[in-house]
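# Per-entry structural report
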Amino acid sequence: MAKLTEQDLKRNIKEQSYKNVYLLYGDEKMLVSMYAKKLQEKIAGKSPSDFSFHRFNEDSTIEQIVSAIDIIPFTDPYNYMAVTDLSVDKLSENDLKIFYKALEDLPPTTVIVIAMTTYIPDKKKMNAFKKLIEAVDKNGIVVEFSKKSQADLKKLLMGWAAKRGLTLKPENAAKITEYAGTDLNALKNEMDKLCAYVGEGEITADAVEMLVTKNLAARVFDMTDAVTSGNWDKAYKCLDLLFYRREEPVMILSELSNTYTDMYRVRVAVESGMRAEDVAKDFDYKRREFRLKKAERASARLTTEDICSCLECLAEVNTEMNSGSSNKRLLLEQLIAKLMMTGKRVRK
């Protein structure tokens, strides 16, 4: 059986065509946890019996897990086993062999759900995780929850709002992801906050601007936007706010460098007869396409030569900052002044 999609799993749960073993994993840990909970509630019930519900984690032994497989659920339809974060790369070959053998002959009344809610496979031992996928795939269902696209995130946020009786326009949903990032747990927290505040009607752009917590990337872009606009007061207020939030100077510089790199890539693409969106195909901008649109707007205030000069300034400061011999805050304050002066003639 091939890997199933999120939609396939939804259908499986809705139709109650349960399999004996499930493996849920992927980058979207929130979805892994959410569907593990859905399976548990649908199969074992919201208040499962101690006799037919068994929970295991990374500290459990294979012997403990395997010994629970043949338990007969006398009063319930299924013997449900919730296995969280099975660290296969830490288990012995013998333990894995025993476990995989057990999966081949599961009783029809036993359901095992292996949910990787926090576990991230060791890159040096990926073969162990691949073997787990193969073993479950032969006998049940494997679902990988990959990172969602920007379009999918917007739909998801709009759906969350709709479930609360509220409306959220696509452009405002996009703004939330720009400010809060793409982590689903963070986005859910921001949506809960917005929905509670708005109460009814529409989640407006003003509400998003006022309530959504901006991540480092969003705050640094605000500073960059002020710099390229020639707004000295706003630029230094943005920098002060970053220091007030105790952001590391090295991280501020890194994000600032990323922003000017975005500008350079967009400028070169446009000068070559391409569009800003085309850059995403050649570089890793999945779920971050909005950065290119913002970079295109900001770079319009600078010449290509100015952008290159800014990148040189950033490289110089990076070298000084990494030497550890200078006042990092002073370096950033001086850097902002240099960046401001670089594009001054164009803004005139």
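Residues numbered from 1 in each chain as written. Predicted model: local features only at pLDDT ≥ 70, side-chain atom pairs only at ≥ 80, totals over all residues. Heavy atoms only, no water.

### Side note on the pattern of salt bridges
Counted by the stated rule, this structure contains 18 salt bridges. Between Arg164 and Asp192 there is a salt bridge, with the nearest N and O atoms lying 3.3 Å from each other. On the criterion of sequence distance, the pair formed by Arg164 in the loop between α6 (150-163) and β6 (166-167) and Asp192 in helix α8 (residues 184-198) is long-range, its members being 28 residues apart. A relative accessible area of 28% means that Asp192 is categorised as partly exposed. The salt bridge partner of Lys237 is Asp233, with a shortest N-O separation of 3.3 Å. (Salt bridge = Lys/Arg side-chain N within 4 Å of Asp/Glu carboxyl O. Helix = DSSP H or I, 4+ residues; strand = E, 2+ residues; numbered from the N terminus. Buried < 20%, exposed > 50% of the residue type's maximum accessible area, 1.4 Å probe, protein only.)

### Things to note about helix α4 (residues 93-103)
Because each turn of an α-helix spans 3.6 residues, side chains separated by three or four positions in sequence point in the same direction. Inspection of α4 places Leu96, Phe99, Tyr100, Ala102 and Leu103 among the buried residues, and these make up the whole buried set. Along the axis of α4, the buried residues cluster in a sector spanning 155 degrees; they form a single face. Seen from the buried face of α4, the exposed residues on the opposite side, beyond 90 degrees, are Glu93, Lys97 and Lys101. (Arc of directions from axis to C-beta.)

### Points about the confidence of the model for the protein chain
Taken over all residues, the pLDDT of the protein chain has a mean of 89, while the share at 70 or more is 97%. For the protein chain, per-element mean pLDDT is lowest for helix α17 (residues 344-347), which scores 54, and highest for strand β4 (residues 110-115), which scores 96. (pLDDT = per-residue confidence, 0-100.)

### Description of the packing of aromatic side chains
Within this structure, the stated rule accounts for seven aromatic pairs. Relative to Phe145, the ring of Tyr35 lies with its centre 5.3 Å away and its plane at 15 degrees, an arrangement referred to as stacked. Taken together, the residues Tyr35 in helix α2 (residues 29-43) and Phe145 in the loop between β5 (141-144) and α6 connect sequence positions 110 residues apart. Residue Tyr35 shares its accessibility class with Phe145, and that shared class is buried. With 6.5 Å between their ring centres and 20 degrees between their planes, Trp232 and Tyr236 make a pair best called stacked. Of the two residues, Trp232 and Tyr236 are both situated in helix α11 (residues 232-244); the distance of four residues between them amounts to about one turn of the helix. Trp232 sits in the partly exposed class, given a relative accessible area of 37%. (Phe/Tyr/Trp six-rings, centres within 6.5 Å; stacked < 30°, edge-to-face > 60°.)

### Considering the packing of helix α12 (residues 249-271) against helix α16 (residues 328-342)
As a packed pair, α12 and α16 sit with axes 10 Å apart at the nearest point and diverge in direction by 20 degrees. Overall, the two elements α12 and α16 adopt an arrangement that is roughly parallel. Like other packed secondary-structure pairs, α12 and α16 cross with a definite hand, here left-handed. For the pair α12 and α16, the contacting residues are Pro249, Val250, Ile252, Leu253, Leu256 and Tyr260 in the first and Lys328, Leu332, Leu335, Ile336 and Leu339 in the second. Taken together, the residues that form the contact of α12 with α16 break down as ten nonpolar, no polar and one charged. (Axes fitted to C-alpha atoms, helices over the stretch in contact; angles between N-to-C directions. Parallel < 35°, antiparallel > 145°, perpendicular 65-115°, else oblique. Left-handed = near helix turned anticlockwise from the far one by under 90°. Contact = heavy atoms within 4.5 Å. Nonpolar A, V, L, I, M, F, W, Y, C, P; charged D, E, K, R; others polar.)

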